[in-house]
Amino acid sequence: MTTPTTPSSPETQDTLEKTYDPSRLEKRWYDHWVEKKYFHADAQAPKAPWSMVIPPPNVTGSLHMGHALGSTIEDIFTRWRRMAAYNAMWLPGTDHAGIATQTVVERELMKVEGKTRHDLGRDEFIKKVWNWRERSGNRILDQLKALGCSLDWDRLKFTMDPDYSAAVIECFVRLHEEGLIYRAERLINWDVESRTALSDLEVEYKEIQGELYEFAYPLADGSGELVVATTRTETMLGDTAVAVHPDDPRHAGKIGKMIKHPILGYEFPIIGDATLVDMEFGTGAVKVTPAHDPNDFECGKRHNLKMISILDVAGKINDNGGPFKGLSAKEARKAVKAKLAELGLERGSKTMTHSVGFSQRSDTIVEPMLSTQWFVKMEPLAAPAIAAVEEGKVKFVPESWSKTYFHWMNNIKDWCISRQLWWGHRVPAWHCADCKVPTVARTTPDRCAHCGSTKLTQDEDVLDTWFSSWLWPFATLGWPNETRELKTFYPTTVLDTGYDILFFWVARMIMAGLHFMGKVPFRTVYLHTLVTDEKGEKMSKVKGNVIDPLDIIEKHGADSLRFALAWLTTSASQGKNIKFAIGNVDDARRFANKIWNATRFALMNLQDYEPNRFADRTAEGPDGAEFELPERWILSRAQRVSDDVHKALEEFRIADAAQIIYHYIWNEVCDWYIELAKGRLSKDAGPQAAENRWKVQGALVTALDVAMRLLHPFMPFITEEIWQKLPKPDTAPQSIVITLYPITDVRFVDEAGEASMDLVQRVVTAIRSVRAERNIPSIARNAVILTVADDYKKTILDGYKSIVAEQAKCKEVTVRRTGGAPSEPVAVAMAGDVEVMVVLESAADAGAEKDKLQKERAKLVRDVEFYNKRLGNPAFVDKAPPDVIEKDKARLADTHAALAKVDEALARLG
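Residues numbered from 1 in each chain as written. Predicted model: local features only at pLDDT ≥ 70, side-chain atom pairs only at ≥ 80, totals over all residues. Heavy atoms only, no water.

Peer 1: Would you take a moment to explain the overall build of the protein chain for this structure?
Peer 2: A count of helices and strands for the protein chain gives 31 helices and 29 strands. Over its C-alpha atoms the protein chain spans a radius of gyration of 37 Å, topping by over 25% the 29 Å that the globule rule assigns to 910 residues. Seen along its three principal axes, the alpha-carbon backbone of the protein chain occupies a region of about 115 × 80 × 50 Å. By residue count, 53% of the 910 residues in the protein chain fall in the buried class. (Helix = DSSP H or I, 4+ residues; strand = E, 2+ residues; numbered from the N terminus. Rg over C-alpha atoms; globule rule 2.2 N^0.38 Å. Buried < 20%, exposed > 50% of the residue type's maximum accessible area, 1.4 Å probe, protein only.)

Written out as C-alpha cells, the structure reads:
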C-alpha cells in the first residue's frame, strides 16, 4: 500500500482552516505546481509515455461549459496517468481561428478607428491582429489554469507560431507535389457576410419556412411552355437549361427544343436527365442553374451546359443579372417575381418548409457559387483512415460513433481549403503574370517554375483553419523535423473532444497522421457530448440559460465544478447530452465540506501519531499488527476501491469512478470508519484503547490518504491541501501530484473481514431504521435481539455485538439461533436473513407498533386478495404470457410470507 509525503509546500501548518474556502487555496496551489514544473514531461525520461493534445480552443474564446467538461475529462486522465507512474504529457495550445479572429479585430478596428482592414492594407491589418492576440489571446489559457488543468505549459503551441507555420507550408507543398492538392473552378459554399469560401462541413442546415414559386418558361418556337418551381426565384437569371425526365410522357418530344429567357433574351435547351428529375414532383420540369446549385452543377457537367454566375462576393446581383444588377439576393427575388407577374408568366406559389444552408461562422445563408479555389483530394487519404478504424488501430468511445465516422468517410468529398481572408497561413503559391500557372514552393521563389518569368505574385488566400489543425498531434511535437518529442509522444494515447467536430478535426487528423507519419495520431477517441441546461435545452444567450463556469469557480471553487461534471459523464459515455444544473455543483460542494470536516476531526486526533512506526509495523502486511475488525475492514476496502477505480478509468467510465470514490469517502470513511474510530481515539477510552491508538490512527490516515489520492484527478486542489496536512513517512514525495495512484496491495485484502463488517453494518442499519420509523428518541437505549439461522453468523455477531451496540445505541445485544418469541413487545426488521427485534420499552411504544403492523397487515391482505383473484381469473391466465403468471405467483408467495411475519409480530404484542 502506497503512503504519502512530507512536502515543501506553500503552507505547512498541521491543521485545516475551520471552514473550507476554495478561494484561499486554489490559485496558491496551482502557482506552486507550475513553479515546481510538476506538469512537465521530459521526453527523455525512462518511464512509459502517455500523451494527449488539447483540442486547441480558439484564440478568441473564453471558457464555456463545453470547454469545462472536456478539459475536466482530459485533466482527470492526465493526472491519473501521471500518478500511475507514466511519463504523462498533456500539450496545451490555441488555434488562430481565421474567420472568428479576423471578424473580432475588424469590428474593433471599425469601432475604435472607424476604419476597415482595406483602409489599412494587408500588412498593417495583420500587425493589428497580432497586437490583439498579445493583449487578449491567452485569456482562455488563464481560465484553464483556474479550472486546475495540469497542462505542460513548457510545450504551449499556437497555430501561427513560426515552426508550426512551417509545418503547414510543408504539408501543403508535399500534398501538391503528390497531386493531392489542386486548384480548380468548382461550385463552393460562399459566406456572404465573411466573404470567403467554406468547406461543406462549415455549413449547417436549418429547416425554415419558404415559398415554392411556380412560373412558366415559353418555348422559343412558340409551341408551348414549361412550368417550373423554385424557392430561389432570382437564380432564374442564371438558368442555362430546363431538365425533364427522358421517360416522362408529358414532355415527350420537348427534349432538344430551346427556351428563350423571358427577361434576359438568351436561349437555352430542354434536356433529359433521369438523375436530376423526379417525375412525381411538380410538373416534372426542373430549372437548371449550374453556377448556383450543387445538383445543377453536376447536371451541367454531364450535359456541358454554360455556367452563368449571377452573384458577386457581396451576394449582390452582378452584370449577368441585367436590370437587377446591384440588388441583394433577397431584393432580386422580389423584383424578379414582380417582372414575371408583369409578363404573365406567374403560375402560383405555396408555402413550404425546406432545408437551407447557413454559415457556421456568421450564421448567414450560404450561397452556392462558382469559384476558383484550392482543394484536397480526399478519397486517397480517406481509405487508410477507414481501414485504421476497421482494424481497431483507432477506437471510438462510445463505439457507436464509428458508424457515423464510416458513413461520412465512405461518402467524402474533396475539401475546399482556401479562404478569402488575411489572417491565417497564406497559400504558398505564386501566380505568374505571363504563363498564368502557379508555382507552389516552401519559400518565396525568384522566378516562375514553369516559364522562368520573374513576374510573380503570392496567392491572396489563406488556408482553412482546419487545414492547420489537422496536423496538431505531430506538428506540435516538431514535425517535419525528427524530434525526440515525436519519437517519445507520438502517437498520442487518447484524444478527448466533442462529437460535433468528429469530421472537422478528428477524421482529418487520422488522415493526416497516417499520411505524414505512417501511424494513427491517437489510439482512443473519447467523444463527449454537449452540456445542456437541466431541461435538456442547448445553452444560449438568447434563451438566457447560459451557465458561466468562471462564475461557478468563483462561488463554489473549481473542484466542485469538476466533480459535478465528472459525476454527469455517464450521459456522455452513452452518447446523450449532459443536463447540467447548479444543484449538481451544490452537491459536490457539500461533498467537499464533508471531506474537509472529516479531515479536521482526524487531524485533531493525530498529534501524537508516528507515521514511520505504522509503516514499519505494516511493512510485511497487517497480520502482525493484530488489527481489530474496523481497521481490517477499512484497510481492505481501500484496496478494493483502488482496484475498482482503476478499472473504471481504464474503461473510460469516468462517472463510475467518481461515484465509487464518493461512496468510499462519504459512506465508508466518514459515516462508518470515523464513527467507529471516535470512541477508541478518545483520551478516556482506557488503557487497551491507548495501547491500540496507533493502529486506529494509522488506519484512519491510510484511509484518508488513499481517498485523497483516488480523488486527486477529480478534485486536485482540496486533495492537495488535505494530503499535505496528513502525517507521512519520511520517504514520501513533495506533492500529491507526483505520488503514486493507489494500487491494490493483496496483503491488505481481507475478504472475511469485509464480510463480517458487512453483516454488522446491515444489522446496525436495520436497527437505525426501526428507531427512525418508530420515532424512538435518540437518548433511548433499547435492548436488541438478533435471531440468526446459522452458527457462522451467530459467531460473527456475538464477537462484534459491542460494535452493534455502540453504533446503533443499544443497551444490550442478544444473539441467538432461531427460537421462540420474546416475552417483551418488539419492533421487527430484517437484515438479510437476520431477524432484528428492537425491544419496545413502554406500552405507548407497543401500542404504536401494533397500530403500524395492523395497517401493514391490512395492505398485505388486500395484496393477497388481488393476486388470488387475478390468478383465479381464466380470462387472465389463458391470455397472459407464462413469465407474467410465474411472477404473479412469486409475488403471492412473498406476500403470504410477509403476512406470516406480521402475524408473528402481532402475536408477540398480544
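Let's pick the thread back up.
Peer 1: Help me out: how do you make sense of the state of the cysteines in this one?
Peer 2: Each disulfide is one covalent bond, formed between the sulfur atoms of two cysteines. Counted under the stated rule, the structure contains zero disulfides. Unpaired in terms of disulfides, cysteine 171 finds its nearest cysteine sulfur in cysteine 416, a separation of 15 Å. Judged by its relative accessible area of 0%, cysteine 171 falls in the buried class. (Disulfide = S-S within 2.5 Å.)

Peer 1: Is there a simple way to think about the packing of helix H3 (residues 98-113) against helix H5 (residues 122-136) in this case?
Peer 2: For any two helices packed against each other, one specifies the crossing angle of their axes together with the interaxial distance. Close contact between H3 and H5 brings their axes to 10 Å; oriented N to C, the two are set at 100 degrees. Regarding the angle of H3 to H5, the classification is roughly perpendicular. Contacts between H3 and H5 pair Thr101, Gln102, Val104, Val105, Glu106, Glu108, Leu109 and Glu113 from the former with Phe125, Lys128, Val129, Trp132 and Arg135 from the latter. Residues belonging to the contact of H3 with H5 are distributed by class as follows: six nonpolar, two polar and five charged. (Axes fitted to C-alpha atoms, helices over the stretch in contact; angles between N-to-C directions. Parallel < 35°, antiparallel > 145°, perpendicular 65-115°, else oblique. Contact = heavy atoms within 4.5 Å. Nonpolar A, V, L, I, M, F, W, Y, C, P; charged D, E, K, R; others polar.)

Peer 1: What is the right way to look at the packing of aromatic side chains in this model?
Peer 2: Within a pair of aromatic rings, the relevant descriptors are the distance that separates the centres and the angle that separates the planes. Taken as a whole, this structure holds 44 aromatic pairs when the rule is applied. Through a chain of ring-to-ring contacts, three or more aromatic side chains come together here, namely Phe563, Trp567, Phe591, Tyr662, Trp666 and Phe714. In this structure, arginine 133 packs its charged tip against the face of phenylalanine 158, placed 4.0 Å from the ring centre. Positioned above the aromatic ring of phenylalanine 358, the side-chain terminus of lysine 206 is 4.6 Å from the ring centre. (Phe/Tyr/Trp six-rings, centres within 6.5 Å; stacked < 30°, edge-to-face > 60°. Lys NZ or Arg CZ within 6 Å of the ring centre and 35° of its normal.)

Peer 1: How should I be thinking about the pattern of salt bridges in this particular structure?
Peer 2: Opposite charge on two side chains permits pairing when their charged atoms draw close. Counted by the stated rule, this structure contains 62 salt bridges. Between lysine 157 and aspartate 163 there is a salt bridge, with the nearest N and O atoms lying 2.5 Å from each other. You can call lysine 157 buried: its relative accessible area is 15%. A salt bridge links aspartate 671 to lysine 594; its shortest N-O distance comes to 2.9 Å. Taken as a pair, aspartate 671 in helix H22 (residues 654-681) and lysine 594 in helix H19 (residues 582-604) lie far apart in primary sequence, 77 residues in all. Judged by its relative accessible area of 28%, aspartate 671 is partly exposed. Its relative accessible area of 25% is what places lysine 594 among the partly exposed residues. Within the structure, one salt-bridge network assembled from shared partners comprises Arg637, Arg640, Glu668, Glu751 and Glu754. (Salt bridge = Lys/Arg side-chain N within 4 Å of Asp/Glu carboxyl O.)

Peer 1: Help me out: how do you make sense of the pairing of strand S7 (residues 203-218) in this one?
Peer 2: Regular strands show a simple pattern: their side chains alternate between the two faces of the sheet. Bridge count for S7 against strand S13 (residues 346-359) is twelve bridges, and the pairing is antiparallel. Counterpart to tyrosine 205 in the pairing with S13 is glycine 357. Direction of pairing for S7 relative to strand S8 (residues 225-230): antiparallel, over a ladder of six bridges. Bridging from a neighbouring strand, tyrosine 213 pairs with threonine 230 of S8. (Pairing = 2+ DSSP bridges.)

Peer 1: I keep staring at the confidence of the model for the protein chain and nothing clicks. Help me out?
Peer 2: Regions with low pLDDT carry predicted coordinates that are not meant to be interpreted in detail. Per-residue pLDDT for the protein chain has a mean of 90; in total, 96% of the residues score no lower than 70. Between residues 1-9, whose pLDDT stays under 50, and residues either more than four places distant or in other chains, the model counts 43 contacts. (pLDDT = per-residue confidence, 0-100.)

Peer 1: Looking at this structure, I do not really get the environment of methionine 378. What am I missing?
Peer 2: Within the secondary structure, methionine 378 is located in the loop between strand S14 (366-376) and helix H10 (379-390). A relative accessible area of 1% means that methionine 378 is categorised as buried. A sequence separation of 198 residues divides methionine 378 from leucine 180, and the C-alpha atoms of the two residues are 7.8 Å apart. Setting aside residues no more than four positions away along its own chain, methionine 378 makes contact with Ile412, Lys413, Asp414, Trp415 and Met511.

Peer 1: What is the right way to look at the nonpolar core in this model?
Peer 2: The nonpolar side chains of soluble globular proteins are, as a tendency, buried together. Counting residues in hydrophobic clusters, the biggest one holds 204 residues, and the most contacted among them are Phe467, Phe580 and Phe714. Of all the elements, H22 adds the most residues to this core, at 15 residues. (Core = buried A, V, L, I, M, F, W, Y, C linked by side-chain atoms within 4.5 Å.)

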